Structures are given as C-alpha cells and as structure tokens.
Amino acid sequence: MKYKKIVKFAALNIVMIIILLVLVFHQVFNQYQTRYINFILHGFKIIYIIDCFIILRVFKFKKISLGCIFITVSWTWNFVTLYLINHINAQVFNLLDFLLYNLTGLIGVILIMYGIWLSLRENVRLIEKLNNIAYYNPVTHLPNRNYVMNTNPLNKIRHYGKEFILGDDKQILHKERKSTIIYLDIDDFKLINDNLGHHYGDILLRKVAKRLKSCLKEGDLIIHLSGDEFLLICHDVYSREDAKSLAFDLLKSMKDKYILNDKEVYMTCSLGIALYPKHGDSIDEVMKKADVAMYEAKKAGKNAYYIHNDSLEKTNKDKFDTINELKTSIENEDFVIFYQYKAKTTSLEITGLEALVRWNHPKHGLIGPNKFIPLAEQVGLIKEIDCLVLHAVCRQIKKWMDENKIPFHISVNISPLFFNDQHFIPIFDQIISQYEIDTTYISIEITENIALNDLEQTKKKLKQLKSRNIKVSLDDFGKGYSSLNYIKEFPIDYLKIDKSFIDGICKHGVEHALVTTIVNISSLLGFIVVFEGVETQEQLNLLKKMGAHEFQGYILNKPQPIENIK
C-alpha cells in the first residue's frame with residue numbers, strides 16, 4: 001500500500017514537471033518577453049508547495065495543509081502574472097495581485113504558523129503522555145521501575161503520580177543521607193485475580209498504594225515495580241531496630257480488612273529490607289538485595305519481613321553459581337552412576353541394584369545427591385538429570401545383553417517433577433525403545449508423596465508401566481504421611497521402608513512393633529518389603545526374625561561404580 005502511494009506521488013511530480021516544460025517551450029515558441037529562469041523557478045516553487053500540501057495531508061497536519069493551499073494560490077498567481085502583466089488593465093491587475101498574491105500569501109503564512117504551533121503543542125502533550133506511560137503505573141499512578149532507574153528526566157515533566165512522591169524527588173538516594181529500602185510483595189495476590197477478577201485486583205492495588213502512603217512520612221518514595229510488587233524508599237530510617245519497627249507497622253497495616261466494592265478481603269504481605277549505603281552504593285544493588293531478602297520472608301511463611309545480611313548474599317551467589325554449573329554439567333553429561341546391591345534377608349542372595357547418581361563436578365570431583373538434587377528439583381533441572389540416569393542404566397543393561405550376560409535388575413529413582421510430567425510415559429518409552437532392552441530388567445522408584453499427590457493420575461501411569469512389564473517400588477515409606485490404606489490401591493511391587501525405622505529398631509520397642517506390623521500387612525497385600533539403610537548385623541538379624549523380604553545398606557556395600565559390581 002505504501003509503495004502505491006509513493007508511485008502515485010512520483011507520477012504526479014513527473015506530470016507537473018512535464019507541464020512546466022511545456023509552458024517553457026510555449027514561452028520560447030511564442031517569444032514572450034519573460035525571463036525564463038524566473039519562469040522555471042516559479043514553476044518549481046509551485047510544484048514544491050503542492051508536494052508539501054500532499055505530504056502534510058498524509059500526516060494529517062490540516063492547518064498547515066490549508067496554509068499550503070493559500071501559498072499555492074499566491075505563488076500560482078505570481079506565475080500567471082508572467083503571462084498577464086502585459087495583457088490586463090493595471091487597476092484590475094493591482095487588485096488581483098493584492099487579493100491573489102499578498103492576501104492569500106499572508107493568510108497562508110498565518111495558517112502555517114498556527115498549524116506549527118498546534119503541532120508543537122500536540123507533540124509536547126504526547127511526550128508527557130508517553131513519559132507517564134513509561135515512568136508510571138497505569139493502575140496506581142505510582143512511579144514504576146523505570147522511574148527508579150531514570151529519575152532525572154522526570155524532573156522536567158508533569159506527571160499524574162505526583163501525589164505519591166512525598167516530598168522532593170530530585171534525587172532518590174543521597175549518599176550523605178541513610179535510608180531503608182523495603183521490597184514489598186502482596187501474598188497470594190493471584191487468588192484475588194483468579195477468584196474475583198482483575199478489576200478487583202486493580203482496586204486492591206490502588207487501596208494498597210494509599211495505605212502504604214499513610215504509613216510513610218514526607219520525603220519518602222513509593223514505587224510500584226510491577227504486578228503485586230512495591231518498593232518503599234524510606235529516608236532517615238537506618239538502624240535495624242528502626243527498620244524492624246517500620247516493617248512491623250507495615251505488616252500490621254497491610255493485613256487489615258480491604259473493602260473492594262461489595263467484597264471484603266484480607267491480605268498480607270512479605271517484606272525484604274536492605275539498608276543504604278550499608279548494603280550497596282546504588283539503587284540497583286540495594287533493590288536486588290532487598291528483593292532477595294523478600295523471598296526469604298516468603299520462605300518463612302509469608303506475612304513476615306527479613307533484613308538482608310552478608311551470609312544471605314553469599315548463599316544466593318553460591319546457589320546462582322551452582323545452578324549455572326549444573327546446567328553446564330547436564331549439557332556435558334558430567335554425571336556418573338553408582339550402584340548399591342539389594343539382597344534377600346534370609347539367603348543374602350543379590351536380587352538387584354539401585355542406580356544412584358553422582359555429580360562429577362569438573363572442579364570439586366564427585367558430589368553426592370543430597371548436595372544437588374534438591375536444588376535441581378527447585379529450578380526444574382531434575383527431569384533432565386532423570387533422563388541422563390535412565391539413558392545410562394539402559395546403556396548398561398544393553399551392554400550386558402550384547403555380552404550375553406544376564407543383567408542385574410536395576411531400579412531407577414524418578415523425581416516427582418518428572419513423574420508428574422504429562423510426557424513422562426512417552427519419554428520413558430522412547431528411551432527404552434532406543435536401547436531395545438528387556439523391560440523386566442528395569443524398575444522405577446517413586447516416593448509416597450508422588451503417589452498421594454494425584455491418586456487417579458498415579459494409578460493410571462503405574463498401570464501403563466505395569467503393562468510394559470516394568471516393576472514399581474514405593475520409596476521412603478514412613479518418611480511422610482504414610483498410609484497403607486491408600487497404597488493398597490496402587491499396582492506396586494516393592495515397598496521400601498525408610499532408614500529412619502531401621503535406626504531405632506534395636507533400641508525401641510515401638511519401632512520394632514511398627515516394622516513387624518508393616519511387614520505382616522505388606523505381605524498380605526502382596527508387596528515385597530525392602531528395608532533401606534541396614535548397617536549392622538544386629539539390624540539384619542532382627543529383620544530376618546520379622547520375616548522381612550529384602551534389604552540394602554552399607555552392611556552389603558556402599559554405592560560404587562559399575563566397574564566394581566560383580
């Protein structure tokens with residue numbers, strides 16, 4: 001569409017130039033007494049003003065366009081006079097010259113100047129509007145994150161959030177003036193949007209803004225960072241005790257009832273606190289530390305505050321570095337599998353292996369699962385680690401099959417995140433089919449928390465696994481809210497009893513009675529009971545007397561690489 005307009009514009013200019021040339025040749029042919037240079041210049045002036053008119057119409061500068069029309073009439077008359085000056089009465093000519101040249105030219109200039117003034121005024125208005133959009137939240141009219149990072153430009157414009165800047169805002173932080181920065185997050189704000197709608201959420205945000213204003217003093221600043229997050233910059237509040245007192249007042253004020261039209265709601269908030277310049281010499285650095293502290297308050301159960309400290313900064317830096325190292329190691333497959341025997345309690349016959357992953361860190365060597373598995377689960381990397389373990393186990397089983405050896409039965413731990421993934425079964429099938437192994441040599445272990453998370457989905461997936469001849473173990477039984485009543489509904493093969501039961505089995509009669517009961521009921525339900533963490537002969541002898549089926553632990557062997565498995 002744009003190209004068509006450009007072509008039409010160019011064509012119009014070509015036509016006007018051709019007309020001008022025709023008129024020039026007409027002058028020459030008829031030998032008119034005119035200066036051809038002036039004639040041509042007047043012609044190009046008319047073409048130029050017509051072009052200006054067309055362009056201005058496109059950009060909708062109506063007043064300037066109208067002015068161009070008058071200028072065009074004026075200049076056209078000037079052009080025509082080159083023909084008429086010797087062929088018209090002097091008085092008529094002077095009248096026409098006044099009306100069509102001087103008057104129309106003057107009107108054109110006035111309209112153009114007025115149009116320019118209107119355009120400049122509109123431009124200023126748009127700049128103010130864009131600045132308000134860029135630097136202020138549209139819901140609360142509070143300064144936003146851009147305001148914090150770009151304070152100086154805002155001092156030159158008007159803004160509609162002015163009432164929330166409680167004093168002089170020429171400089172957010174003063175090095176000679178100690179301040180407290182509070183990062184505030186409304187707890188469970190999403191529940192308001194999901195249940196009442198975003199309209200009510202916006203009303204709540206505006207009421208929160210007003211309530212925060214009432215808690216602060218003149219000279220303090222309230223920033224609406226995004227969504228349900230606010231930043232409070234409180235000057236002359238520096239000591240930890242003063243910061244605690246302010247945080248307590250904020251928490252108390254925030255949890256009071258809110259009236260949202262016809263609804264009553266109660267909300268709380270979590271606060272992260274950092275001190276300036278103690279915790280940083282820039283607004284960005286102090287904000288970052290207050291943000292980290294706020295998440296610590298969330299972890300503490302919400303409706304709480306947390307003041308930044310140096311140990312927290314080190315912990316978060318270590319966590320950040322570890323996450324990046326984990327991602328690199330997953331890409332490079334820097335993980336090795338160690339194996340631990342499982343055996344029958346009566347004959348000590350080896351019944352299989354459990355695959356246990358170790359992180360072969362490029363700098364720190366082998367790292368146990370307790371050091372990195374929780375973090376991998378937290379940041380969503382555990383699924384990729386589970387897949388690496390499955391690949392490694394399937395490769396090992398395939399290797400034994402290719403060597404005409406009878407493979408050990410190997411159990412693989414599956415994380416809750418991976419098991420609950422809707423693509424778990426397809427991914428599992430793809431890995432198994434890739435190595436073309438006999439599925440009777442592999443089993444999976446899931447925790448009871450996974451099993452009880454979604455009973456119907458768990459049963460569905462377990463039945464799909466059983467249809468593929470894959471055995472299932474329920475791991476860490478007794479560690480959480482154990483219930484044989486629920487577990488009997490699941491098609492599992494093994495029930496693995498947590499080490500915590502074994503540790504006190506020789507000392508306390510209660511543990512002894514509990515273990516005996518679990519073994520008896522599990523046998524009736526058809527489960528094979530496997531006890532984890534058996535370390536002494538005394539523990540093993542007791543398990544034999546109770547009729548326990550299988551066990552694993554240091555009494556058999558510590559986890560070790562496949563090269564040491566015979």
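Before going into details, it helps to say that this report is about the structure given with it.

**Things to note about a positive patch on the surface**
A surface patch of positive charge is lined by R206, K207, K210 and K213. Note on placement: K213 falls in helix α8 (residues 198–215).

**Quick word on the pattern of salt bridges**
On inspection of all chains with the given rule, the structure shows 22 salt bridges. Across the pair E264 and K257 runs a salt bridge whose closest N-O atoms are separated by 3.8 Å. Its relative accessible area of 53% is what places E264 among the exposed residues. Judged by its relative accessible area of 37%, K257 is partly exposed. If you follow the salt bridges from partner to partner, you end up with E354, E445, K496 and E532 in one network.

**Observations concerning the state of the cysteines**
On inspection of all chains with the given rule, the structure shows zero disulfides. Unpaired in terms of disulfides, C234 finds its nearest cysteine sulfur in C215, a separation of 9.7 Å. Unpaired in terms of disulfides, C269 finds its nearest cysteine sulfur in C215, a separation of 9.4 Å.

**Comments concerning the pairing of strand β4 (residues 257–260)**
On a regular strand, each side chain points to the face opposite its neighbour's, so the side chains alternate between the two faces of the sheet. What you see with β4 is a clean split: Y258 and L260 sit on the buried side and K257 and I259 on the side with no burial. Looking at chain direction, β4 and strand β5 (residues 263–266) are connected through four bridges and run antiparallel. Paired with Y258 across the strands is V265, a residue of β5.

**Digging into helix α13 (residues 382–402)**
Taking 1.5 Å of rise per residue, the 21 residues of α13 would be expected to cover 30 Å, and the 30 Å separating its terminal C-alpha atoms lies within 8% of that figure. Note on α13: the residue one or two positions beyond its end, N404, has a positive phi of about 60°.

**Quick look at the pairing of strand β1 (residues 179–186)**
Among the eight residues of β1, eight are classified as buried, and the element is accordingly described as predominantly covered. Across the two faces of β1 the burial is the same, with S179, I181, Y183 and D185 and T180, I182, L184 and I186 all buried. Pairing geometry for β1 and strand β3 (residues 229–235), over seven bridges, is antiparallel. Looking at the pairing, L184 lines up with F230 of β3.

**Let's talk about the sheet that holds β1**
Read from one edge to the other, the open sheet built from five strands follows the order β2-β3-β1-β6-β7, with strand pairing classed as mixed. The two strands at the open ends of the sheet, each matched to only one other strand, are β2 (221–226) and β7 (305–307). Ignoring which end each strand starts from, the neighbouring axes of this sheet average 20° apart. Pairing geometry for β1 and strand β6 (residues 269–276), over eight bridges, is antiparallel. Paired with S179 across the strands is Y276, a residue of β6. Strands in contact with helix α9 (residues 240–254) are β1, β3, β6 and β7; relative to β6, the strand with the most contacts, it is inclined by about 155°.

**Topic: the side chain of S329**
Checked against the element boundaries, S329 lands in helix α11 (residues 310–332). Assessed through its relative accessible area of 2%, S329 is described here as buried. Ignoring anything within four residues of it in the chain, the contact list for S329 reads D334, F335, W359 and P362.

**So, the packing of helix α15 (residues 424–435) against helix α17 (residues 455–466)**
As a packed pair, α15 and α17 sit with axes 11 Å apart at the nearest point and diverge in direction by 15°. Considering their axes alone, α15 and α17 lie roughly parallel with respect to each other. Note on packing geometry: the crossing formed by α15 with α17 is right-handed. Along the contact surface, α15 presents F424, I425 and F428, while α17 presents K461, Q464 and L465.

**Some remarks on the packing of aromatic side chains**
Tallied over the full model, the rule gives nine aromatic pairs. Look at F335 and W359: their rings are 6.3 Å apart centre to centre, the planes differ by 25°, and that puts the pair in the stacked class. With F335 in strand β8 (residues 335–344) and W359 in strand β9 (residues 350–361), this residue pair connects regions lying 24 residues apart in the sequence. These aromatic residues form a ring-pair network of at least three members: F418, F419, F424 and F428. A cation over a ring is seen here: K461 above F419, with NZ or CZ 5.4 Å from the ring centre. The ring centre of Y554 lies 5.3 Å from the NZ or CZ of K558, which sits over that ring.

Rules of the game
Residues numbered from 1 in each chain as written. Predicted model: local features only at pLDDT ≥ 70, side-chain atom pairs only at ≥ 80, totals over all residues. Heavy atoms only, no water. Patch = residues over 30% accessible without salt bridge, like charges linked within 9 Å, V, L, I, M, F, W, Y side chains within 5 Å. Areas by Shrake-Rupley, 256 points an atom, 1.4 Å probe, with all protein chains shown as cover. Salt bridge = Lys/Arg side-chain N within 4 Å of Asp/Glu carboxyl O. Lys, Arg positive; Asp, Glu negative; His and termini not counted. Charge placed at Lys NZ, Arg CZ, Asp CG, Glu CD. Helix = DSSP H or I, 4+ residues; strand = E, 2+ residues; numbered from the N terminus. Buried < 20%, exposed > 50% of the residue type's maximum accessible area, 1.4 Å probe, protein only. Disulfide = S-S within 2.5 Å. Pairing = 2+ DSSP bridges. Expected span 1.5 Å × (residues − 1). Axes fitted to C-alpha atoms, helices over the stretch in contact; angles between N-to-C directions. Contact = heavy atoms within 4.5 Å. Parallel < 35°, antiparallel > 145°, perpendicular 65-115°, else oblique. Left-handed = near helix turned anticlockwise from the far one by under 90°. Phe/Tyr/Trp six-rings, centres within 6.5 Å; stacked < 30°, edge-to-face > 60°. Lys NZ or Arg CZ within 6 Å of the ring centre and 35° of its normal.

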